[in-house]
Amino acid sequence: MQFVPYLNFDGNCAEALDFYAQLFGGQIVFKSTFGDMPPEEGMPPLPDAAKGLLMHAQLQVGAQLLMASDALPAMEGMDPEACGGGYRKPQGLWVSIGVETEVEGQHVFNGLSEGGQVTMPFTKTFWSPGFGMVTDRFGTPWMVNVASAT
């Protein structure tokens, strides 16, 4: 079993994934837009503004995978609780990143903090030589945790 975070964005998924690829040293291995979707019977027409948004993307970082998409704008005739409901800020979760060294942890935390909002500064804790919490400029909440030195 593997758990894969799937992040949702408000029209800036491509920008966020480019940033994450650079910061985490990963590679975007798949991108598809809403405009690439074939039309389906009963589906309302896709607004022109949504056609260039990312429907699905995958970022490979070593053996880890991070998936993401833009939220489809609210569309007439679509259930607002379903795919056509528009963007909603993440709530009730954090994406936790485990790193090996304090230097790596500080680098990742600083990158995620640029233009974001720090919840807990990166510092030593009773369980880790470095831990911090931040919501990045794209609205994604992250925890950066250095492996405990044993």
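Look up: the structure comes first, before these words.
> Sorry, what's going on with the sheet that holds strand E3 (residues 54-61) here?
Two pairing modes exist for strands in a sheet, parallel and antiparallel, and in both the strands are linked by backbone hydrogen bonds. The strand order E1-E4-E3-E2 describes an open sheet built from four strands, whose pairing is mixed. In this open sheet, the two strands that pair with only one neighbour each are strand E1 (6-9) and strand E2 (27-33). Neighbouring strand axes in the sheet, compared pairwise and without regard to direction, differ in orientation by 20° on average. Here four bridges tie E1 to strand E4 (residues 64-70), and the two strands are oriented parallel to one another. Pairing of Leu7 across the sheet is with Ala68, part of E4. Helix H1 (residues 13-24) rests against E1, E2, E3 and E4 of the sheet, and its axis sits at about 0° to E3.

> Looking at this structure, I do not really get the packing of aromatic side chains. What am I missing?
How two aromatic rings sit relative to each other is set out by the distance from centre to centre and by the angle between their planes. Considering all chains together, one arrives at 11 aromatic pairs under this definition. Geometrically, the ring pair formed by Tyr20 and Phe138 is edge-to-face, given 5.9 Å between the ring centres and 80° between the ring planes. Highlighted residues: Tyr20 in helix H1 and Phe138 in the loop between strand E7 (131-135) and strand E8 (141-146), separated in sequence by 118 residues. Exposure remark for Phe138: the relative accessible area of 6% places this residue in the buried category. Its guanidinium or amino end placed over the ring of Phe19, Arg137 lies 4.3 Å from that ring's centre, counting from NZ or CZ.

> Could you clarify how one ought to interpret the pairing of E8 in this entry?
A regular strand places its side chains so that they alternate between the two faces of the sheet. The pairing of strand E5 (residues 95-99) with E8 spans five bridges and is classified as parallel. From the neighbouring strand, Ile97 faces E8, where its bridge partner is Val144. Pairing of E7 with E8, which is carried by five bridges, proceeds in the antiparallel orientation. Residue pairing in the sheet places Val134 in a bridge with Trp142 of E8. Linking E7 to E8, which pair antiparallel, is a turn of five residues; within it Gly139 sits at a positive phi near 95°.

> What is the right way to look at the environment of Leu65 in this model?
Topologically, Leu65 is positioned in strand E4. Spatially, the C-alpha atoms of Leu65 and Pro39 are 28 Å apart, while their sequence positions differ by 26 residues. Those residues in contact with Leu65 that sit more than four places away from it in its chain are Val4, Pro5, Gln58, Leu59 and Gln60.

> Help me understand the side chain of His56, please; the structure alone is not making it clear to me.
For His56, the position within the fold is in strand E3. Among the polar contacts made by the side chain of His56, one reaches the side chain of Gln58 at a distance of 3.1 Å.

So, how was this worked out
Residues numbered from 1 in each chain as written. Predicted model: local features only at pLDDT ≥ 70, side-chain atom pairs only at ≥ 80, totals over all residues. Heavy atoms only, no water. Pairing = 2+ DSSP bridges. Helix = DSSP H or I, 4+ residues; strand = E, 2+ residues; numbered from the N terminus. Axes fitted to C-alpha atoms, helices over the stretch in contact; angles between N-to-C directions. Contact = heavy atoms within 4.5 Å. Phe/Tyr/Trp six-rings, centres within 6.5 Å; stacked < 30°, edge-to-face > 60°. Buried < 20%, exposed > 50% of the residue type's maximum accessible area, 1.4 Å probe, protein only. Lys NZ or Arg CZ within 6 Å of the ring centre and 35° of its normal. Polar contact = N/O pair within 3.5 Å; in protein donor to acceptor, adjacent residues only side chain to side chain.

In short, shape yes, function no, at least from these values alone.
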